[in-house]
Number of protein chains: 2
Amino acid sequence: MPRTATPPKARDLDTETKILEAARRVFTRLGTSGARVQDIAAEARVNQALVHYYFGSKEALAERVFFEAAAGMMQAMRVVLDPSLTLEQLIERFVAAYIDTVRKTPFIPGYILAEVAQNPDRLDSLMQRALGAVPGQLAPMARDRVAQLLAVGVAAGTLRPIAPRQLLVNVMALVGFPFVARPILSALMSGDGESFDEFLDERRRELPGFILNALRP
Amino acid sequence: MPRTATPPKARDLDTETKILEAARRVFTRLGTSGARVQDIAAEARVNQALVHYYFGSKEALAERVFFEAAAGMMQAMRVVLDPSLTLEQLIERFVAAYIDTVRKTPFIPGYILAEVAQNPDRLDSLMQRALGAVPGQLAPMARDRVAQLLAVGVAAGTLRPIAPRQLLVNVMALVGFPFVARPILSALMSGDGESFDEFLDERRRELPGFILNALRP
DNA sequence: GATTGTATTGATCAATTAGTCAAACAATTA
DNA sequence: TAATTGTTTGACTAATTGATCAATACAATC
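Okay, so let's go over this structure. (Residues numbered from 1 in each chain as written. Chains lettered and ligands numbered in written order. Predicted model: local features only at pLDDT ≥ 70, side-chain atom pairs only at ≥ 80, totals over all residues.)

## Examining the interface of chain A and chain B
- With 44 residues of chain A at the contact, the number on the chain B side is 44 residues.
- For the side of chain A that touches chain B, the elements supplying multiple residues, two or more each, are helix H6 (108-118), helix H7 (120-130), helix H8 (134-156), helix H9 (164-180), helix H10 (182-189) and helix H11 (196-215) of chain A.
- Sorting elements by how many residues they give to the side of chain A that touches chain B places H9(A) first, with eleven residues.
- Across the side of chain A that touches chain B, the residue classes break down as 28 nonpolar, ten polar and six charged. (Contact = placed C-beta atoms within 7 Å. Helix = DSSP H or I, 4+ residues; strand = E, 2+ residues; numbered from the N terminus. Nonpolar A, V, L, I, M, F, W, Y, C, P; charged D, E, K, R; others polar.)

## What to know about the relation of the copies chain A and chain B
- Each copy superposes on the other: chain A lies on chain B with an RMSD of 0.0 Å after a rotation of 180° and an axial shift of 0.0 Å. Here the copies are linked by what is in effect a two-fold axis. Ranked by how close their C-alpha atoms come to the rotation axis, the residues of chain A are headed by A:Ala214, at 1.8 Å.
- By residue overlap, the copies meet face to face through one surface: 100% of the interface positions of chain A are interface positions in chain B. (Least-squares fit on C-alpha atoms with pLDDT ≥ 70 in both.)

## Topic: the protein's contact with DNA strand D
- Taken together, 16 residues form the shell around DNA strand D, and within it A:Ser57, A:Lys58, B:Thr15, B:Asn47 and B:Ala49 come nearest.
- Taken together, the elements giving at least two residues each to the surface near DNA strand D come down to helix H2 (37-43), helix H3 (48-55) and helix H4 (58-75) of chain A together with helix H3 (48-55) of chain B.
- For the surface near DNA strand D, the residue count by class is six nonpolar, six polar and four charged. (Near = placed C-beta within 6 Å.)

## Quick word on the packing of H6(A) against helix H6 (residues 108-118) of chain B
- Contact pair H6(A) / H6(B): the axes reach a minimum separation of 10 Å and the direction vectors enclose 125°. It follows that H6(A) is oblique to H6(B) by the angle criterion. You can see that H6(A) and H6(B) cross each other, and the crossing is left-handed. Within the contact between the two elements, H6(A) uses A:Gly110, A:Leu113, A:Ala114 and A:Ala117 and H6(B) uses B:Gly110, B:Leu113, B:Ala114 and B:Ala117.
- Of the residues that constitute the contact of H6(A) with H6(B), the class distribution is six nonpolar, two polar and no charged. (Axes fitted to C-alpha atoms, helices over the stretch in contact; angles between N-to-C directions. Parallel < 35°, antiparallel > 145°, perpendicular 65-115°, else oblique. Left-handed = near helix turned anticlockwise from the far one by under 90°.)

Structure representation (structure tokens):
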């Protein structure tokens, strides 16, 4: 019998990644303190001891899940740095990219925020770790880039002045909040008969216009 | 020795409320699953058994803290219903009222969102309990009010059309997100030398203009 | 087929944690 | 003062939970 392209025993995903993915699901849903190692083991259909075998401790696994999630979130914000984009393009792409990315794993933003709120150490080591590395410089670079684009537009009379950090927070808020507040918004909108997904589609279309309109002089 | 105006034994706050306030602080900071009954007892400088004596179980206390927090948050949104206000006034007052209220207890919004995300039962019983009561009708009433004001403005040519729910979410996002993301924003802005409080002051001034500008036709 | 190293499991440990209880205490009333 | 009531405490219990470990199953290599 010839070798098939797939490994002989149709062996499923590497156990380690299977556990890691289960951990992602459980931690993002219940939070670090709300999650039990047993929950993760069950989700991965695996003995609890295996979780410790591969990842040592619950805390080590929690750290890994958190930092990877945070890194992924930063990744989604790198569009801002493309120097060839105008402010209009930048905002349009950012909104689209963020919504498209996050809607696949809608629990991540809320998980990250809850985690740093409930466990300040996470934020400390995140800042420490990111300092010097690319993601650490992302925030100031983004602010500088936005500030520069704003200055040009204001000088040209095509934009009304606004503090760059206010604009940055505005955009992050408009784009991120729906995910963070998703359970509540879903519940409130359930009366409309429409789904959260349709709400997101509508938002993806309308939001860039809202923001750009707000910036007209 | 004459009686002083203060009670004879300078007896401090009622023990029950002392515990309740401690519970508020601990739960909002650590989340329900992250908080220990012992933490609350210590925060209230009281024996752990007393917490059970007054509130029965951790879960009962957690529920009470959550629902009171949620009710308070709804309270801050009632401005929207004042029928005498124009859309401009409404937005201006909402922004000011919300920021002024929440800045006193900045952990509440993040706590509420984390709580409903990690424990869907909370949202269920919140909706159940609020149904029929005033706060339960708040959301649809707010949407109707905003929709009506929008329709008038659009017909008069003074506003550009926007889906009411999108505007509502936009306003909630712009106003609420900074608190939810406060730890991260604080960390990112620490480089600016300025404090989160100064950022909030700036925001309270600039945000209404940003929103109203976005609504111009 | 024996050997070796890795993966997996069941059983168990030790620490934590929510909750209970009887006794001590304090304030109030009879 | 004695009795009564409500408050507070320390000690304890039972359950949960993170972690360990020896035993076993498995797979690759010799």
